[in-house]
Amino acid sequence: LKVRAALLREMGLPAPYAESRPLTIAELSLDPPGPEELLVRVRAAGLCHSDLSVIDGSRPRVMPMALGHEAAGEVVELGPGTGGFAVGDHVVLVFVPSCGTCAFCMSGRPALCEPAAAANAAGTLLGGDRRWAGATGEAIHHHLGVSAFADHVVVSTRSAVRIDPDVPFEIAALFGCAVLTGTGAVLNSARVSPGQSVAIFGLGGVGLSALLGALLAGAERVVVADVVAEKLALARELGATHAVMAGPSAVEEIRQATDGGADCAIETVGSEQVLAAAYAATRRGGTTVSVGLPHPERMLQIPVVSLVGEERTLRGSYLGSCVPKRDLPRLLALYQRGRLPVERILSGLLSLEELNEGFDRLASGHAMRQVVML
Ligand SMILES: [Zn+2]
Ligand SMILES: [Zn+2]
């Protein structure tokens with residue numbers, strides 16, 4: 001099958017990407033689905049900060065790669081042994097497949113699936129194969145088992161979750177990364193309970209999803225911090241009780257707004273300074289959840305004694321500590337009942353050709369979630 005896909009050949013090209021054009025729209029050949037694999041007609045794919053981190057080289061991946069990892073589409077062909085899926089199924093793709101049998105999957109933590117981590121690092125599907133090839137037959141890598149920015153993709157059945165076909169594709173796509181990651185950080189990783197206070201650092205797709213998750217959990221005070229005034233205004237409209245301009249006085253303002261510190265702080269920026277600020281914004285006994293992905297060389301400085309003396313918790317959250325097959329249907333049902341207004345974080349629809357410009361907007365901090373329609 002011939003497929004149009006956004007191909008990244010080289011990391012670290014200079015911004016603006018509208019000029020350096022790191023993503024090129026290429027015609028690739030796609031092999032048919034192998035055992036336990038699906039051919040999916042992608043209909044919508046979100047632009048995520050993790051894609052940007054591959055483009056700018058702060059999250060290095062094997063090149064060349066068909067980029068993108070947040071998508072929804074329709075199953076059009078089944079490989080052998082794909083019981084449970086049928087042609088015509090609508091699916092959300094998940095950027096960490098779960099093998100179902102490793103120690104982490106067995107303990108209910110599929111975000112840590114070991115074969116998935118190995119396959120994602122190697123740029124293959126979970127089964128170990130690549131289904132892409134370039135015009136001259138060169139190997140092209142899969143991005144996190146998804147490669148969302150393409151009109152068709154082959155994925156492992158372990159990367160796909162069937163969904164209610166009534167959910168629009170551009171909404172469903174956001175659940176694959178932003179919504180799972182953001183709401184999961186609050187509901188699964190921090191286990192926020194009714195009446196607690198939550199501080200959220202960074203209001204991209206993940207941070208705004210964390211806000212929606214905190215409201216869903218019944219948080220009494222939700223304080224948001226960002227550098228973009230329009231995003232703070234949107235967060236207030238969505239239900240944040242306090243909005244704080246990020247800067248030197250932000251921690252103090254958050255501590256005041258929460259009567260001495262938040263029960264829980266969620267860091268979505270991927271910066272060690274912001275993570276240290278999030279930690280400082282929590283109260284005694286508080287929990288800080290790190291969701292952003294800083295460059296691997298970054299180190300964190302915090303007063304270590306506070307972990308013991310004040311019983312603080314610092315934890316990481318990948319894929320929102322979700323079990324996608326359990327959590328995606330639940331979250332989508334909440335969206336359908338109007339309790340998770342994910343449509344509010346959708347800030348633009350693009351074509352495949354407009355991706356480089358879209359990533360410029362994301363890098364500027366002014367976009368929330370943009371979606372490519374395919
Ligand atoms: Zn993402
Ligand atoms: Zn596993």
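Right above here is the structure, for reference.
First, a word on scope: everything that follows refers to the structure included in this document. For clarity, every value in this text was computed on a predicted model and none was experimentally measured.

Reading the values: the criteria
- Residues numbered from 1 in each chain as written.
- Chains lettered and ligands numbered in written order.
- Predicted model: local features only at pLDDT ≥ 70, side-chain atom pairs only at ≥ 80, totals over all residues.
- Heavy atoms only, no water.
- Donors = N, O, S within 2.8 Å, 3.2 Å for Na, K, Ca; no water.
- Helix = DSSP H or I, 4+ residues; strand = E, 2+ residues; numbered from the N terminus.
- Buried < 20%, exposed > 50% of the residue type's maximum accessible area, 1.4 Å probe, protein only.
- Pairing = 2+ DSSP bridges.
- Axes fitted to C-alpha atoms, helices over the stretch in contact; angles between N-to-C directions.
- Contact = heavy atoms within 4.5 Å.
- Arc of directions from axis to C-beta.
- Patch = residues over 30% accessible without salt bridge, like charges linked within 9 Å, V, L, I, M, F, W, Y side chains within 5 Å.
- Areas by Shrake-Rupley, 256 points an atom, 1.4 Å probe, with all protein chains shown as cover.
- Salt bridge = Lys/Arg side-chain N within 4 Å of Asp/Glu carboxyl O.

## Some thoughts on the coordination of the zinc ion (ligand 1)
Next up, step 1: Only Cys48 (SG), His69 (NE2) and Cys177 (SG) from the protein reach the zinc ion (ligand 1) as donors, at distances of 2.0 to 2.2 Å.
Next up, step 2: Mapped onto the sequence, the residues coordinating the zinc ion (ligand 1) show the spacing C-x20-H-x107-C. Residue histidine 69 is found in the loop between strand E4 (65–66) and strand E5 (71–78), and its partner cysteine 177 is found in helix H5 (residues 169–189); the two are separated by 108 residues along the sequence. For the pair formed by histidine 69 and cysteine 177, the shared burial category is buried.

## Some details on the sheet that holds E4
Next up, step 1: The five strands are arranged E7-E2-E1-E4-E8 in an open sheet whose pairing can be described as mixed. Strands at the two margins of the open sheet, each flanked by one partner only, are strand E7 (132–133) and strand E8 (141–142).
Next up, step 2: Direction of pairing for strand E1 (residues 2–8) relative to strand E2 (residues 23–30): antiparallel, over a ladder of seven bridges. Bridge pairing links arginine 4 to glutamate 27 in E2.

## What to know about the coordination of the zinc ion (ligand 2)
Next up, step 1: Coordination of the zinc ion (ligand 2) by the protein is provided by Cys99 (SG), Cys102 (SG), Cys105 (SG) and Cys113 (SG), with metal-donor distances spanning 2.3 to 2.4 Å.
Next up, step 2: Between the donor residues of the zinc ion (ligand 2), the gaps in sequence give the motif C-x2-C-x2-C-x7-C. Here the two residues cysteine 99 and cysteine 105 agree in accessibility, since each one is buried.

## A word on the sheet that holds strand E13 (residues 242–245)
Next up, step 1: Spatial ordering of the open sheet is given by E13-E12-E11-E14-E15-E16, a layout of six strands whose pairing is parallel. Looking along the sheet, the strands with just one partner apiece sit at the ends: E13 and strand E16 (313–316). The average undirected angle you get between the axes of adjacent strands in this sheet is 15 degrees.
Next up, step 2: In the sheet, strand E15 (residues 282–290) pairs with E16 via four bridges, with the strands oriented parallel. Looking across to E16, one finds that serine 290 is bridged to glycine 316.
Next up, step 3: Most of the contacts of helix H7 (residues 229–238) go to E13, to which it runs at about 170 degrees, and overall it touches strand E12 (221–226) and E13.

## Regarding helix H4 (residues 114–122)
Next up, step 1: Looking at H4, one finds that the buried residues are Ala116, Ala119 and Asn120. All buried residues of H4 lie within an arc of 100 degrees about the axis, which places them on one face of the element.

## Comments concerning a nonpolar patch on the surface
Next up, step 1: On the surface, a nonpolar cluster with roughly 420 Å² of combined accessible area is contributed by Leu300, Val304, Leu307, Val308 and Leu314.
Next up, step 2: Along the chain, the position of leucine 314 falls in strand E16.
Next up, step 3: For leucine 314, a relative accessible area of 33% gives the class partly exposed.

## Side note on the side chain of threonine 282
Next up, step 1: For threonine 282, the position within the fold is in strand E15.
Next up, step 2: For threonine 282, a relative accessible area of 0% puts it in the buried group.

## A word on the pairing of strand E9 (residues 152–156)
Next up, step 1: Burial runs high along E9: five of the five residues are buried.
Next up, step 2: Because side chains alternate across E9, one face comprises the buried residues His152, Val154 and Ser156, and the other comprises Val153 and Val155, equally buried.

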